[in-house]
Amino acid sequence: MGRTRAGTAEEFTIARKPQPEGGQAPVVQRVRIRYAKRGPLRFTSHRDFARAFERALRRAGVPIAFSQGFTPHPKISYASAAPTGVASEAEYLEIGLREPVDPERLRAALDAALSPGLDVLEAVEASGGSLADRIEASYWRIELPEVDPDVLRAAVAAFTAAEEIQVERMTKQGRRTFDARAAVIAIDALVPAETPSGAATVPCAILELVVRQVTPSVRPDDVLSGLRVVADLEPPVTPKVIRLAQGTLTAQGEIVDPLDADRDGAAIGGH
C-alpha cells in the first residue's frame, strides 16, 4: 500500500544551497528509488512520468546534479519502465545528487511532490554497481475478467508445451516478429478468491508470469498474444496488468529486489 502523504510541499523542501555558477557540481551521492504507478496513473507514459518527476525534484528542492555541456540534464537513470497502461509496485530509478541528503527525507519530499498514484515507496543510498545490471526479470499478475479459469489453464498448458511461439508487435523499428515463449520462466493460472467486481457470477481468471529481461523485451501483452496463437484465447474484457516485482533471479526462479544489495532486507516478490 502507498504511504500517506502529510504536510505541504514547502515542509518537504530539502535543498540547502543553489547550483554553483560557472559549472556543474559533481555527484557526491547516488540514491536509488522504488516507486509505484497505481490506479488511473498507470496510464502515465514513461515520458510523462519523467517530466512529472523532474518537476517534483524542483518542487521538493532536491539538490540534483546535472550533466555537463550546453544543455545540462538532471542526472536520472531509469531502469526498465513498465509499459503505458500497466500498473506497477516495482519501478526503479537512480538520481545523482550534488550534496548528500537523508534518503527517507528525500523519499517523503518526492512523494509529497508527486500526484497520488505515483507513489515513492523507498529510497536508499547506492552502494555501487549498476542498477540496470540488477534487473534480470519481472513478476507480473494479469487479471482476466470474464475468462473461465479452466479455459486459461488449458491455454497455459498449451503455451508451456510449445518450444517456440512467434508473435508480432509494432515497435519503434516497425512491426517485428519474435518468440514470446523462451523468455517466460514461469507461467501459472490461478482462481481468485473473489472477482474484482465482487460478483460471484462473473468468472475471472488470473495469470501470473515471471519473464526474463531479453531484447526485444517480452511484455505481458506479448504473452497474451502467445496464448491467442496456441489456444485461441481472446479475453472479452481488457486485462488488468500489474508488475509486482523486478530484479535479479535466484536459482529457484525467485526475484530479488535490486535494492537488496544496498540495504538489509529480503526479496519483495517472486514466484
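See above for the structure.
In this text, all values refer to a predicted model and were calculated from it rather than measured experimentally.

Here we take up the pattern of salt bridges. What the rule picks out here adds up to 16 salt bridges. Salt-bridge contacts for R38 lead to D119; the nearest nitrogen and oxygen are separated by 2.9 Å. With R38 in the loop between β1 (29-37) and α1 (46-60) and D119 in strand β4 (residues 118-125), this residue pair connects regions lying 81 residues apart in the sequence. The two residues R38 and D119 agree in class, both being buried. R107 is the salt-bridge partner of D111, the closest N and O atoms lying 3.9 Å from each other. Of the two residues, D111 and R107 both sit in helix α2 (residues 103-113), four residues apart, roughly one turn of that helix. Like R107, D111 is buried.

With that settled, consider the packing of aromatic side chains. Two numbers describe a pair of aromatic rings. These are the distance of the centres and the angle of the planes. Counted under the stated rule, the structure contains three aromatic pairs. The interplanar angle of 5° and the centroid separation of 4.3 Å between the aromatic rings of Y35 and F49 together place this pair among those described as stacked. In this pair, Y35 sits in strand β1 while F49 sits in helix α1, placing the two residues 14 residues apart along the sequence. Taking the relative accessible area as the measure of exposure, Y35 reaches 4% and is therefore buried.

The next thing to look at is the environment of A182. By the secondary structure assignment, A182 is in the loop between β7 (174-179) and β8 (184-190). The exposure class of A182 is exposed, given its relative accessible area of 63%. Along the primary structure A182 and E163 are separated by 19 residues, whereas in three dimensions their C-alpha atoms are 7.6 Å apart.

A negative phi angle is the norm for most residues apart from glycine, just as the trans form is the norm for most peptide bonds. A cis geometry characterises the amide bond from T215 onward to P216, with omega recorded as -5°. On the secondary structure map, P216 appears in the loop between β9 (204-212) and α4 (220-231). The phi dihedral of S80 is positive, around 50°, even though this residue is not glycine. Residue S80 is classed as partly exposed on the basis of its relative accessible area, which comes to 23%. Backbone geometry at D232 places phi at a positive 55°, although glycine is not the residue there. Tracing the backbone shows D232 in the loop between α4 and β10 (240-249). D232 sits in the exposed class, given a relative accessible area of 64%.

Conventions we followed
Residues numbered from 1 in each chain as written. Predicted model: local features only at pLDDT ≥ 70, side-chain atom pairs only at ≥ 80, totals over all residues. Heavy atoms only, no water. Salt bridge = Lys/Arg side-chain N within 4 Å of Asp/Glu carboxyl O. Helix = DSSP H or I, 4+ residues; strand = E, 2+ residues; numbered from the N terminus. Buried < 20%, exposed > 50% of the residue type's maximum accessible area, 1.4 Å probe, protein only. Phe/Tyr/Trp six-rings, centres within 6.5 Å; stacked < 30°, edge-to-face > 60°.

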